[in-house]
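Commentary on secondary and tertiary structure
Spelled out from the first residue to the last, the chains are:
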Amino acid sequence: MSILKTTLTVLLGGLFAAAQAQDTAHATSKYDQHKAFPAVFYPADGTLLRGGNGAPGAKYWQNHADYKLNVTLDTASHTVSGTTLITYTNNSPDGLDFLWLQVDQNIYKEDSRGEATSPVEGGRFNNKTFTNGDEIKDVYIIRNGKSEKADFLVTDTRMQIRLKDTLRAGGSKLQIKIDYSFKVPEYGTDRMGRKLYKDGWVYEIAQWYPRMEVYDDVTGWNVIPYLGAGEFYLEYGDFDYTITAPANLVVVGSGELLNPAEVYSPVVQQRLATARGSDKTVMIKDTVDLNNKSFYPQKPSLTWHFYCKNARDVSWAASKAFMWDAARINLPSGKKALAQSVYPVEAKGQHAWSRSTEYVKNCIELYSNEWFEYTYPVATNVAGTVGGMEYPGIVFCGSDNQDGGLWEVTNHEFGHNWFPMIVGSNERKYAWMDEGFNTFINKVDTKVFNNGEYFEKADEQKAAQGMFTDEADAIMNIPDVIQPDYLGFAAYEKPSLGLTILREQILGEKRFDFAFRTYIKRWAFKHPTPWDFFRTMDNAAGEDLSWFWNEWFFTTWKLDQAVKEINYADNDPSKGALITIENLEGLALPVTVFVKEENGKTGTVNLPAEIWQRGGTWTFQYKSTSKIAYAIIDPDHVLPDINPENNGYSGISIAKDVTAATVIKAYLNAVGGEEKLKAVKDLTVSSEGIVQGLTVMRINEYKGPGKFFQDITVPAYNNMDAYHVVINDDSLNIKQMNRPMPIAKDAKNSVEARYKLFPELEFEKSGYTAVLDPNFKVVNGQLAYLITVTAPNGVRVKYFYDKTTGLKVEQFTDVPGSTVMEFDDYRDIETGIKIPFSEKTNVVGQPIEFKVKSTKVNSGLSDDLFK
């Protein structure tokens, strides 16, 4: 499941929601090594079912479910009706007196538990309209060729079948036959649905047949209800299914189409044959074919027959509006598969879905070479109403995605074919075992695809500001318990970051990749638990990582590493330095320290996490040859440090003749001088940034000292108005996704302080105080002056000015919730003043760099704009 639209709704707007900027000069450490490195972590010893080494044990078992499905799509009534025939095998050591099935369409009923537990203000998993759910007509149990009506009870999204005769252990089988129908909802909790485009309805059909619940050795029957956020836990089996629909539809589905000659015209068959031999995308159905009757067999309806082997689910899509293209997938073993995309003409274009098949082909090939070979004969990307959802061999992605956004969602959804389609974890309970693992491999993939076309280097220090809030949920929670606006972190980003830290900072790529591949190979088409993953990684990597699993997955501890002090042997820098660092929060992680000496020499020291086993302070020796200009922790911003301000330490004092006034004067001169700045009556700055592959446009408009207007839009989503800010002297109005956003008084003052036009012009006014820190600070590897300014309303803002250029490089307020802003690439604009053409900031914990595209000075902005 994609977090792209979830990200937009809770992320693009909340510019002030999560930063942890604060003064920690006298912070008290919260670190406790006894909690960080517990002696006991694993709750139980290994067994013959699940070994202590993380592998399936000698007596591991799992049940099996084969499906024969025959349904009809009625496009007039938008209904799917037909029969499910399940052959269920009980491989467990237990006799089963009853069976449990999932009937997920019932979540769309008005009286469903999912609807009752949905927030009134709406959300991704809220119903927009209601249906009658799964309308069960008949249920039969078939044994030894004899059929009898079943005793069954439907409770919300679950069906219990009570057996007259126990289904014996050790491989006994029975069949379940169910006649049913359901109306396809227009919006199916962003997992399925239908949407009307110019040339017809696009149907994306999922959770479309009664499915067996998993019976396993961990909890027996897994019967957590389907409420929306929690996904699925399913048995493996073979699927033989047919869809009967009008002949002018293109139908695509999981697995292999067994009867192409019956449903495809000769021209379609010829074009598909060409595509199967081509590494370039081949059009199967173009715009000229949309209303060409000869493109289809001349019959009122057709039956498409698919077969999918050893899968946990199947899904399909159908539309007469589909354009269609395809290309060959080359797998490591020499096998070939087919990448294909179907999309309405509205989604056509080289910045949109005309590149979809290229994306599908590349991500499947990259994952297959890196981790485990793709196991399905076809990989189909469907453009429709669903923002992003995954099924074996087929995924649904929003038709409005473009450029990097389309790559991101395509790459993510197909990554799910490894987690949880191949490695069958329990998504309903452990969302991070599919979403987090998948997000991790997505980022490995994106770095490689097309020489990093859409790769953005992460700044984990900035990301930490959203990920490690006081309201954070631990990863190890079921998704329906995690707060909706934190699910993207707990299920996706934080577990992904944890794996990245393991790979890059703790184990190294070779050890990590071997262990991760071992986990995939061991648990392919099986049902691992979190403990199976932890134990496998420990054993295959040769490292006791229990301390890391505990702190990262079970707690909400934060990271705050700091340089405390620098001393010299015999007070002589040429004899070496003693650098003392601190761990001020709960997390224990490795430390990288970059050191620069006054003579220009540099060095890097890498320290393992075990330095924190003895306490929260550590001193190490550095072979300096001159006085150290500065030492900085985590220079590449790869760790989620919530307070980067104390990461750098400079032992260099500022000259006594330098004052706050002289630093401010130098800045004003560097950007054009007071006279030119005061001549600016209004200023408009248009900028562009990228968030998760999506272009974000921002317009900032300033007038005088007290008026500010900001609008943030997302062009790929019909210029969706994601965020809107208006300041008019003492009034502040903020809208997020066109909804008013309340803001506390102290945060209000912080926001207003953030958007001052040339605030330095006000520092000499009555009521302002400006204090220069006596020592240089380190900002992005450069020495900087720190001036703390207190405004008449009591808001304190920290401004950092580069020692060499005098230009402002960073600022933030000390109000909790403030966002750090970094400035770079100063350029001349009209009237001869300079402004930064690069601003790095946060969008609810997601780092974003806005780059200026255009400016206007003194254009006569109307006061009406700021009402």
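Notes on the structure in this doc start here. As the structure is a computational prediction, the values presented were derived from the model and not from experiment.

About the cut-offs
Residues numbered from 1 in each chain as written. Predicted model: local features only at pLDDT ≥ 70, side-chain atom pairs only at ≥ 80, totals over all residues. Heavy atoms only, no water. Buried < 20%, exposed > 50% of the residue type's maximum accessible area, 1.4 Å probe, protein only. Helix = DSSP H or I, 4+ residues; strand = E, 2+ residues; numbered from the N terminus. Pairing = 2+ DSSP bridges. Contact = heavy atoms within 4.5 Å. Core = buried A, V, L, I, M, F, W, Y, C linked by side-chain atoms within 4.5 Å. Phe/Tyr/Trp six-rings, centres within 6.5 Å; stacked < 30°, edge-to-face > 60°. Lys NZ or Arg CZ within 6 Å of the ring centre and 35° of its normal. Expected span 1.5 Å × (residues − 1). Disulfide = S-S within 2.5 Å. Salt bridge = Lys/Arg side-chain N within 4 Å of Asp/Glu carboxyl O. Patch = residues over 30% accessible without salt bridge, like charges linked within 9 Å, V, L, I, M, F, W, Y side chains within 5 Å. Areas by Shrake-Rupley, 256 points an atom, 1.4 Å probe, with all protein chains shown as cover. Lys, Arg positive; Asp, Glu negative; His and termini not counted. Charge placed at Lys NZ, Arg CZ, Asp CG, Glu CD. Axes fitted to C-alpha atoms, helices over the stretch in contact; angles between N-to-C directions. Parallel < 35°, antiparallel > 145°, perpendicular 65-115°, else oblique. Left-handed = near helix turned anticlockwise from the far one by under 90°. Nonpolar A, V, L, I, M, F, W, Y, C, P; charged D, E, K, R; others polar.

**Thoughts on the pairing of strand β42 (residues 796–802)**
Side chains on a regular strand alternate between the two faces of the sheet. Most of β42 sits out of view: six of its seven residues are buried. Where strand β41 (residues 782–790) meets β42, seven bridges bridge the pair, whose relative direction is antiparallel. When the bridges of β42 are listed, Tyr-785 appears paired with Tyr-801. As judged from the five bridges shared by β42 and strand β43 (residues 808–813), these two strands associate in the antiparallel manner. When the bridges of β43 are listed, Phe-800 appears paired with Glu-810. Turn length for the β42-β43 hairpin, with the two strands adjacent in sequence and antiparallel, is five residues, and the turn residue Gly-806 shows positive phi of about 80°.

**Here's the deal with the side chain of Ser-425**
As for its placement among the helices and strands, Ser-425 is situated in the loop between α7 (403–415) and α8 (435–448). Look at Ser-425 and you get buried, because its relative accessible area is 0%. Residues contacting Ser-425, with those up to four places away along its chain left out, are Phe-232, Tyr-233, Arg-312, Pro-420, Met-433, Asp-434 and Pro-528.

**Considerations on the nonpolar core**
Core analysis: the largest hydrophobic core is formed by 194 residues, its most contacted members being Leu-99, Ile-176, Trp-208, Trp-316, Phe-516 and Phe-533. When residues in this core are grouped by element, the largest group, ten residues, is from helix α10 (residues 487–506). The contact partners of Phe-516, leaving out residues within four places of it in the chain, are Trp-371, Phe-419, Phe-437, Phe-440, Ile-441, Leu-499, Phe-533 and Met-537. In terms of nonpolar packing, the next biggest core, distinct from the first, is built from 56 residues, Val-671, Ile-712, Tyr-826 and Val-852 among them.

**Brief notes about the packing of aromatic side chains**
Considering all chains together, one arrives at 69 aromatic pairs under this definition. Seen in terms of ring centroids, Trp-371 and Phe-440 are 6.2 Å apart; in terms of plane orientation they differ by 50°. Their pairing is tilted. Linking Trp-371 in the loop between α6 (356–370) and β23 (378–384) with Phe-440 in helix α8, this pair joins segments that are 69 residues apart in sequence. Residue classification places Trp-371 among the buried residues on the basis of a relative accessible area of 7%. The ring of Trp-552 carries the charged tip of Lys-494 above its face, separated from the ring centre by 5.4 Å. Over the aromatic face of Phe-850 sits the side chain of Arg-698, whose NZ or CZ is 4.2 Å from the ring centroid.

**A word on helix α12 (residues 530–541)**
With twelve residues, α12 ought to run about 16 Å at 1.5 Å a step, and its terminal C-alpha atoms sit 16 Å apart, in line with that. With respect to burial, α12 is a largely interior element, nine of its twelve residues being buried. Buried residues belonging to α12 abut α8, α10, α11 (509–523) and α13 (546–554). Looking one or two residues beyond α12, the residue adopting positive phi is Gly-542, at roughly 70°.

**A few points about the sheet that holds strand β12 (residues 211–212)**
Across the sheet, four strands lie side by side as β6-β7-β3-β12; this open sheet has antiparallel pairing. Looking along the sheet, the strands with just one partner apiece sit at the ends: β6 (151–155) and β12. In this sheet, strand β7 (residues 158–167) lies alongside strand β3 (residues 96–102) in antiparallel orientation, the contact comprising six bridges. For Leu-99, the partnering residue across the bridge sits in β7 and is Ile-161.

**A look at unusual backbone geometry**
With omega at 15°, the peptide bond leading from Phe-419 into Pro-420 counts as cis. Summarising the element assignment, Pro-420 is placed in the loop between α7 and α8. Look at Asn-450: it is not a glycine, yet its phi comes out positive at around 50°. Relative to the elements of secondary structure, Asn-450 occurs in the loop between α8 and α9 (460–467).

**Section: α8**
End to end, α8 covers 20 Å across 14 residues, agreeing with the expected 20 Å (1.5 Å per residue, within 8%). Most of α8 is tucked away: eleven of the 14 residues are buried. Among the residues of α8, those classed as buried are Glu-435, Gly-436, Phe-437, Asn-438, Thr-439, Phe-440, Ile-441, Asn-442, Val-444, Asp-445 and Thr-446. On the buried face of α8, the contacting elements are α6, β24 (388–391), α7, α10, α11 and α12. Just past α8, the residue Asn-450 takes up positive phi, approximately 50°.

**Overview of the environment of Ile-611**
With respect to the helices and strands, the residue Ile-611 is situated in the loop between β29 (602–607) and β30 (617–622). Classification of Ile-611 by relative accessible area gives buried; the value is 5%. As a C-alpha pair, Ile-611 and Val-360 span 251 residues in sequence and 44 Å in three-dimensional space. Every residue in contact with Ile-611, bar those within four places of it in the chain, is listed here: Ile-581, Val-591 and Trp-618.

**What to know about the environment of Leu-85**
Mapped onto the elements of the fold, Leu-85 is located in strand β2 (residues 79–90). What Leu-85 contacts, discounting residues up to four positions off in sequence, is Asp-66, Tyr-67, Lys-68, Ile-142, Gln-175, Ile-176 and Lys-177.

**Considerations on the state of the cysteines**
Tallied over the entire structure, the rule returns zero disulfides. Left without a disulfide partner, Cys-308 is nearest to the cysteine sulfur of Cys-363, which lies 17 Å away. Here Cys-397 stays unpaired: no disulfide links it, and the sulfur of Cys-363, its closest cysteine neighbor, is 9.5 Å away. In this structure Cys-397 comes out as buried when scored by relative accessible area, which is 0%.

**Things to note about the pattern of salt bridges**
What the rule picks out here adds up to 42 salt bridges. A salt bridge links Asp-313 to Arg-211, with the shortest nitrogen-to-oxygen separation between them at 2.8 Å. With Asp-313 in the loop between β19 (301–311) and β20 (316–319) and Arg-211 in strand β12, this residue pair connects regions lying 102 residues apart in the sequence. The pair formed by Asp-313 and Arg-211 is uniform in burial state, with each residue classed as buried. The partner of Arg-827 in a salt bridge is Asp-825, with the nearest N and O atoms 2.9 Å apart. Overall, the relative accessible area of 42% leaves Arg-827 in the partly exposed class. Salt bridges sharing common partners tie together Glu-370, Arg-503, Glu-509, Asp-513 and Arg-517.

**A short note on a positive patch on the surface**
On the surface, a cluster of positive charge is contributed by Lys-447, Lys-457, Lys-840, Lys-851 and Lys-853. You can see Lys-840 is positioned in strand β45 (residues 834–843). A relative accessible area of 36% means that Lys-840 is categorised as partly exposed.

**Quick notes on the packing of α7 against α8**
Taken N-terminus to C-terminus, the directions of α7 and α8 make an angle of 125°; their axes are 9 Å apart at the nearest point. Relative to α8, α7 is oriented oblique. The interaxial crossing formed by α7 with α8 has right-handed handedness. Side by side, α7 and α8 meet where Trp-407, Glu-408, Asn-411, His-412 and Gly-415 of the first sit next to Glu-435, Asn-438, Thr-439, Ile-441, Asn-442, Asp-445 and Thr-446 of the second. Considered class by class, the residues forming the contact of α7 with α8 number two nonpolar, seven polar and three charged.

**Digging into the packing of α12 against α13**
Packing of α12 against α13 brings their axes to within 10 Å, and their N-to-C directions diverge by 145°. In this structure, the crossing between α12 and α13 has a hand that is right-handed. Contacts between α12 and α13 pair Trp-531, Phe-533, Phe-534, Met-537 and Asp-538 from the former with Ser-546, Trp-549, Phe-553 and Phe-554 from the latter. Across the contact of α12 with α13, the residue classes break down as seven nonpolar, one polar and one charged.

**Observations concerning the pairing of β6**
Bridge analysis of β6 against β7 gives five bridges, and the strand direction is antiparallel. Following the sheet pairing, Thr-155 is matched in β7 by Arg-158. Connecting β6 to the next strand, β7, in antiparallel fashion are two residues, including Asp-156 with a positive phi near 55°.

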